[in-house]
Amino acid sequence: QSVLTQPPSVSGAPGQRVTISCTGSSFNIGAGYDVNWYQQLPGTAPKVLIYGNTNRPSGVPDRFSGSKSGTSASLAITGLQAEDEADYYCQSYDSSLSGWVFGGGTKLTVL
Amino acid sequence: EVQLLESGGGLVQPGGSLRLSCAASGFTFGSYGMTWVRQAPGKGLEWVSIITYSGADTDYADSVKGRVTISRVNSENTLYLQMDSLRAEDTAVYYCAKNRGSGSWYNYYMDVWGKGTTVTVSS
């Protein structure tokens, strides 16, 4: 059970917008630690999508965006494409655990 | 091209040891902190250990503390993870990742990942 809670799955049709939530506490997201998001395509290593809450690395399409408020963060994907089907993980630091933590992951299905 | 290549995984009996390696290329290895992350079969990502660019500071997840040692040899562009007293629950794909970020290491993120090496702990 991770201290960062994500929905196990989300789905959407091509072209639609989906959001993935990441709910934490005053020991992690609420403490001001950055939230980062990673995409893991089937059978591959994770890849950073969003860093520092809202920043996109070069090469990541602007269809992906991140936000943070209070003890939660969200990843939004607009103009959903079949290639977006993957597992998505949020990550932050937790002061009660004194370590870096990942959310449990969310499987995105493109219908 | 920035690359990380893990090696050293394999099948080991409970209580045994393994040393994982991560060979870095395409960037100034000695300027960046590094992290190990693992993923058990069918499960999510779990942070394992982190080391600063110089190797002066390290940290470990509670699940491996006392059994695992992270280290690096900057002159050889190589990161290591020495794993002792292995348990069945250590079975996972182990990824090394390059850290990036500004300010304190609490806000580091992993901007480059290797393909992973598989560790199986079983009798």
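Anything mentioned here points back to the structure above.
Note that the structure is a prediction, hence the values are computed from the model and not measured.

(A) Just the side chain of Thr-78 of chain B, in detail. Take Thr-78 of chain B: it is sitting in strand E8 (residues 78-83). Setting aside chain neighbours within four positions, we find Thr-78 of chain B in contact with Ser-21, Cys-22, Phe-29, Arg-72 and Val-73 of chain B.

(B) Quick look at the nonpolar core. Membership of the largest hydrophobic core comes to 45 residues, with the highest contact counts inside it found for Phe-102 of chain A together with Leu-4, Trp-36, Leu-79, Leu-81, Tyr-94 and Trp-113 of chain B. Non-local contacts of Leu-79 of chain B, meaning those with residues more than four positions away in its chain, are made with Leu-20, Ser-21, Cys-22, Phe-29, Met-34, Thr-35, Trp-36, Ile-51, Ile-70, Ser-71, Arg-72 and Cys-96 of chain B. Grouped together as the second largest cluster of nonpolar side chains are 22 residues, Trp-37, Ile-50, Val-60 and Leu-75 of chain A included.

(C) Expanded view of the pattern of salt bridges. Residues and elements named next belong to chain B. Within the structure shown, the criterion is met by seven salt bridges over all chains. Residue Asp-90 pairs with Arg-38 through a salt bridge whose shortest N-O separation is 2.9 Å. Of this pair, Asp-90 sits in the loop between E8 and strand E9 (92-100) while Arg-38 sits in strand E4 (residues 34-39), and the two are 52 residues apart along the sequence. Both residues of the pair, Asp-90 and Arg-38, belong to the buried class. For Asp-62, the salt bridge is made with Lys-65, and the minimal N-O distance between the two is 3.4 Å. On the accessibility criterion, Asp-62 (55% relative accessible area) is exposed. In this structure Lys-65 comes out as partly exposed when scored by relative accessible area, which is 45%. Connected via shared salt-bridge partners are Arg-38, Glu-46, Arg-67 and Asp-90.

Quick notes on the rules
Residues numbered from 1 in each chain as written. Chains lettered and ligands numbered in written order. Predicted model: local features only at pLDDT ≥ 70, side-chain atom pairs only at ≥ 80, totals over all residues. Heavy atoms only, no water. Helix = DSSP H or I, 4+ residues; strand = E, 2+ residues; numbered from the N terminus. Contact = heavy atoms within 4.5 Å. Core = buried A, V, L, I, M, F, W, Y, C linked by side-chain atoms within 4.5 Å. Buried < 20%, exposed > 50% of the residue type's maximum accessible area, 1.4 Å probe, protein only. Salt bridge = Lys/Arg side-chain N within 4 Å of Asp/Glu carboxyl O.

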